[in-house]
Amino acid sequence: MAVRPREIFPTGCVGPVAARTVDGSGGGVVDQEPDVLSQREESSPAAAPADFTDWVSRRLPPLEHAARQLSADPTQGGALARDLLTLVARRWPSLRGNDAEHHAPPGAAADRLLQRLFAREVADAGPSYRVRLELDRTPPRRGGSALPATAEQEAAELWRRGRATTRRRLLIAGAVGAAALGAAGVRALITGPDESLRPLPPLPSGPVLLEGVDEVPPVPDQLALREALVAHLPRELAPGDPATLPALSRQPTPRAQVVLDAAVKGVGEGPLLVLGEDGAWRRVDQLPAEAAALLSPGSLSPDGARAAVVTADELWVVELATGRARRHDMVPPSPVVIWLSPRHLLVAVDKLLEVGTGRLLAVPVGVRDAVGPRRANGQDTPSTVLELLSAGEPITAPPRVRTWQFDGRDQSEGTVAVSGPGAGRLGPFLGPGFAVAGTGGLVARLCEPMGLPVRADWRAGIAVAVLEPGSARVLRMLAADIEVTGDLTLLGWLDRRRVLLRCAGGAGAPSGAGQRVLVWDVRDGSLALIATVRPGGGLSLADLDGAV
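Residues numbered from 1 in each chain as written. Predicted model: local features only at pLDDT ≥ 70, side-chain atom pairs only at ≥ 80, totals over all residues. Heavy atoms only, no water.

## Observations concerning the overall build of the protein
In terms of helices and strands, the protein carries seven helices and 29 strands. Taking all 548 residues of the protein together, 55% fall into the buried category. Here the analysis covers contacts within the protein between residues at least 6 apart in sequence; of these, 61% occur between residues at least 24 apart. With an accessible surface of roughly 22,900 Å², the protein has 53% of that area assigned to carbon and sulfur atoms. (Helix = DSSP H or I, 4+ residues; strand = E, 2+ residues; numbered from the N terminus. Buried < 20%, exposed > 50% of the residue type's maximum accessible area, 1.4 Å probe, protein only. Contact = heavy atoms within 4.5 Å. Areas by Shrake-Rupley, 256 points an atom, 1.4 Å probe, with all protein chains shown as cover.)

## A look at the pattern of salt bridges
The tally for this structure, following the rule as stated, stands at 27 salt bridges. The partner of R476 in a salt bridge is D214, and the shortest N-O contact between them spans 2.6 Å. Residue R476 is found in strand β24 (residues 473-480), and its partner D214 is found in strand β5 (residues 213-215); the two are separated by 262 residues along the sequence. Residues R476 and D214 agree in their burial class; the two are buried. (Salt bridge = Lys/Arg side-chain N within 4 Å of Asp/Glu carboxyl O.)

## As for the environment of A531
Looking at where A531 falls in the secondary structure, it is placed in strand β28 (residues 527-533). For the pair formed by A531 and L229, sequence separation is 302 residues and the distance between their alpha carbons is 8.6 Å. If sequence neighbours within four positions are ignored, A531 has contacts with P234, R235, L237, Q515, R516 and V517.

## Considering helix α2 (residues 74-90)
Taking 1.5 Å per residue as the helical rise, α2 with its 17 residues ought to reach 24 Å, and the 25 Å between its terminal C-alpha atoms agrees with that figure. Counted residue by residue, α2 has 15 buried out of 17 residues, so it is predominantly covered. (Expected span 1.5 Å × (residues − 1).)

## Points about the nonpolar core
Membership of the largest hydrophobic core comes to 32 residues, with the highest contact counts inside it found for F52, W55, L63, V88, L114 and F118. Among the secondary structure elements, those contributing two or more residues to this core are α1 (50-68), α2, α3 (92-101), α4 (108-125) and α5 (151-164). Of all hydrophobic cores here, the second largest spans 25 residues; its members include L446, I462, V464 and L488. (Core = buried A, V, L, I, M, F, W, Y, C linked by side-chain atoms within 4.5 Å.)

## Some details on the confidence of the model for the protein
Of all residues in the protein, 77% attain a pLDDT of 70 or more, and the chain-wide mean is 77. The low-confidence segment residues 1-45, where pLDDT is below 50, has 123 contacts with residues more than four positions distant or belonging to other chains. Across residues 165-209, where pLDDT falls below 50, the model places 120 contacts with residues more than four positions away in sequence or in other chains. (pLDDT = per-residue confidence, 0-100.)

## Examining the pairing of strand β7 (residues 256-261)
The element β7 is extensively covered by neighbouring structure, given that six of its six residues are classed as buried. Where β7 and strand β29 (residues 539-541) come together, three bridges link them in antiparallel fashion. Paired with L260 across the bridge in β29 is L539. (Pairing = 2+ DSSP bridges.)

## Digging into the sheet that holds strand β11 (residues 315-319)
If you trace the three strands from one edge of the open sheet to the other, you get β10-β11-β12, paired in antiparallel fashion. Both outer strands of the open sheet, β10 (306-310) and β12 (324-328), are each paired with one neighbouring strand and no more. Within the sheet, the average angular offset between the axes of one strand and its neighbour, ignoring direction, is 20°. (Axes fitted to C-alpha atoms, helices over the stretch in contact; angles between N-to-C directions.)

## So, the sheet that holds strand β22 (residues 443-449)
One open sheet holds the six strands; their spatial order is β5-β24-β23-β22-β21-β17, and the pairing between them is mixed. At either margin of the open sheet sits one strand with a lone partner, and together these are β5 and β17 (371-374). The average angle at which neighbouring strand axes cross in this sheet is 25°, direction not considered. When strand β21 (residues 426-436) meets β22, the two strands line up antiparallel, connected through five bridges. Directly across from A435, in β22, lies its bridge partner V443.

## Topic: the packing of aromatic side chains
With the rule as written, the count across this model stands at four aromatic pairs. Note on F52 and W159: the rings are 5.3 Å apart at their centroids and 55° apart in plane angle, and the pair reads as tilted. Residue F52 is located in helix α1, and its partner W159 is located in helix α5; the two are separated by 107 residues in the primary sequence. With respect to class, F52 is no different from W159; both count as buried. Taken together, F52, W55, W92 and W159 form an aromatic cluster joined through their ring pairs. (Phe/Tyr/Trp six-rings, centres within 6.5 Å; stacked < 30°, edge-to-face > 60°.)

## Observations concerning the pairing of β24
Most of β24 is tucked away, with six of its eight residues classed as buried. Pairing analysis gives seven bridges linking strand β23 (residues 462-468) to β24, with the strands arranged antiparallel. Paired with A463 across the two strands is A479, which belongs to β24. In sequence, β23 turns back onto β24 through a hairpin of four residues, with A472 there showing a positive phi of about 55°.

## As for unusual backbone geometry
One non-glycine residue, H232, lies in the positive phi region at around 70°. Within the secondary structure, H232 sits in the loop between α6 (219-223) and β6 (236-237). Residues other than glycine seldom take positive phi values, yet A263 does so here, at roughly 50°. On the secondary structure map, A263 appears in the loop between β7 and β8 (272-276).

## Structural notes on the packing of α1 against α4
The description of two helices packed together rests on the angle between their axes and the distance between the axes. Running from N to C, α1 and α4 point in directions that differ by 15°, and their axes come no closer than 12 Å. Judged on the interaxial angle alone, α4 and α1 are roughly parallel. Considering only the axes of α1 and α4, their crossing is right-handed. Every residue of α4 that contacts α1 at W55, R59, L63, A66 and A67 is listed here: A110, D111, L114 and F118. (Parallel < 35°, antiparallel > 145°, perpendicular 65-115°, else oblique. Left-handed = near helix turned anticlockwise from the far one by under 90°.)

## A look at the environment of A256
For A256, the location among the structural elements is in strand β7. A256 gets classed as buried once you look at its relative accessible area, which sits at 0%. With 46 residues separating them along the chain, A256 and P302 place their C-alpha atoms 9.9 Å apart.

## Points about α4
Helix length check: α4 (18 residues) gives 26 Å between terminal C-alpha atoms against 26 Å at 1.5 Å per residue, within 8%. A positive backbone phi angle near 60° is found at G126, which sits one or two residues after α4.

## Regarding the packing of α1 against α2
α2 packs onto α1 with a crossing angle of 140° between their chain directions and a minimal axis gap of 9 Å. When you trace α1 past α2, the crossing you get is right-handed. The residues of α2 that touch α1, namely those facing F52, W55, L60, L63, E64, A67 and R68, are P74, G77, G78, L80, A81, R82, L84, L85, V88 and A89. Looking at the contact of α1 with α2 residue by residue, the classes come out as twelve nonpolar, two polar and three charged. (Nonpolar A, V, L, I, M, F, W, Y, C, P; charged D, E, K, R; others polar.)

Below you can see the structure in the form of C-alpha cells.
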C-alpha cells in the first residue's frame, strides 16, 4: 500500500511553511503564501509550550509506529505522523481549554482529536488488516534507524508549522500528491529540500476582495448578524444536562431537526442528542459510547427520520420513530456518510445501503467525493450521483464535476472540467458536499482556497465553493480564517439559494456560543445567524423549513 509522497524537510517534518517578510511600506510583518517550491527551514524555530512538548514526547512514538503500518515506506509513515501532530498543534490552545473546562487530564482532548484524525487516515487507506493507534503503548525501537530529534526539537518544529501553515488536506491513498496552481496547471512535485528551484511569486496582499469571494466575519460580528428564523429550531441550541433528558427509545420522535454531540467530557465523547419537531431534546440511548467520535455533518437523513453514525469498525442507523439502532455488519472505509435519498445510504466504494431492508445495492461511486442531494422529493432508489473531484488527482487533472447515471444494470458517466475565473481558486476539496436537488440546482463543498489575498490579520485557510454542476462554473466562494472565525463546516442547504454553515470556536467565542449556525445567501453574499450552540461537539441538520 502506498501513501501520497510529501515534501520532506529537516528533522523529519513535512509540508510547506508560511514565509514572513517585512512590508516595504513600513506596515510591519506580512504573512505570505507558503512557497512549496523553494521553502527552507528556519535555523532556530521558536520553542513550543511545555505541555505540548511533553504531549509530543509521549504521543509521537506510538503514532509513528501506527502510521508506518499504512505504508511500506517508513519515511512516508513518519511524514504522516507529523502532519497529524501539526493539525493538533494548530488547535492546542482550544484543546487545552477543553481539558480545563471539563477537569480532564492534560492532553485528553488532544488524544481524542488525534484518534479521530488517524481513524480518518486509516479509512482513506482502506488496509486489508486492522490498524489501531494505541497511544499508551510504547512501541519497539526500530533497529538500525537514525537517532531521532529530541522531544524539544520535534515539538518546536511542529509548533512552528502549526502556527504558520494553512489548513491542509491529509490523504494517504494514492501514489503522488499535487496542488492546483491557478488556471495554469499544477505545481511541480518536490522530493527533497536541496533542489535548486525558482520561487513562486507571493500571493497578492491587501484589503481588496475578489469579485464573487465573500468572507466569514470574526466571532463578535457573527453574533451581531441579523437573525434568520427557522420553524421548529430554537434560537439557542442548549439541551442542558443529558442525564436529565428522556431516552429516545422511550420517547421517540417522527423527525429530528438536529443531532449533536453533547460533549459532556469533551468533543467526541457524546452522548448524542436529537431535537424533535416538538422542540424537545432526547438522548440517544441505543448506540455504543464511541458513536459520537465520528459524527459527520451528513449523519442526519434529509427528512430527519434516521441518523447514521460510523464507529471504528461498524455502521449504525438509528430509526428516530422508534429509537432503535440497527448495526450493519460492514466496515465503512470512511467516517463520512452520504444520504442519496431518505432511505439510501452510500457507505462504501461501490455499495449503497437500503436502510429499511439492509440490502446492499451496487453503485459505481464511493463516499469520498460524492455529493449528498438535499431538498429532494421521493424515496425512490437514486439513479444519479454527482462527484466533485479535486485538482491534481491524477496529477495533471483540473477540478472536475462528474455525473453518474445508473439503473442497476447499466451505468454511464460524464465529466466536465471546472472553468472560469473561479477554477484557479479551488484547492483540494474537503469533507462531504451537498447539492440542492432539482432543475437549476447548485452544489457546495469545502475546499482549500488558492490565490486569495492575504492581510496582516487575515489568511483564508478554508472556503465554501458553490458551483453550477451543468456548466461546471464556480458561482461564489465564502472564505474563512479559522483562527479568527472558528473552524468552518458545511451543513447543507436551507433552501435553493442559501447554504447552512457552522463556525466552531474562534477568537473571542463566548462560552454559551462556542458554535454558531449561519446561513449564506449565494445571490448577494449576505450572512445571517440562525442559532448558537452551547455544546462544543459536532452536529448534523435535516432539511429545515420555514426560514424568513
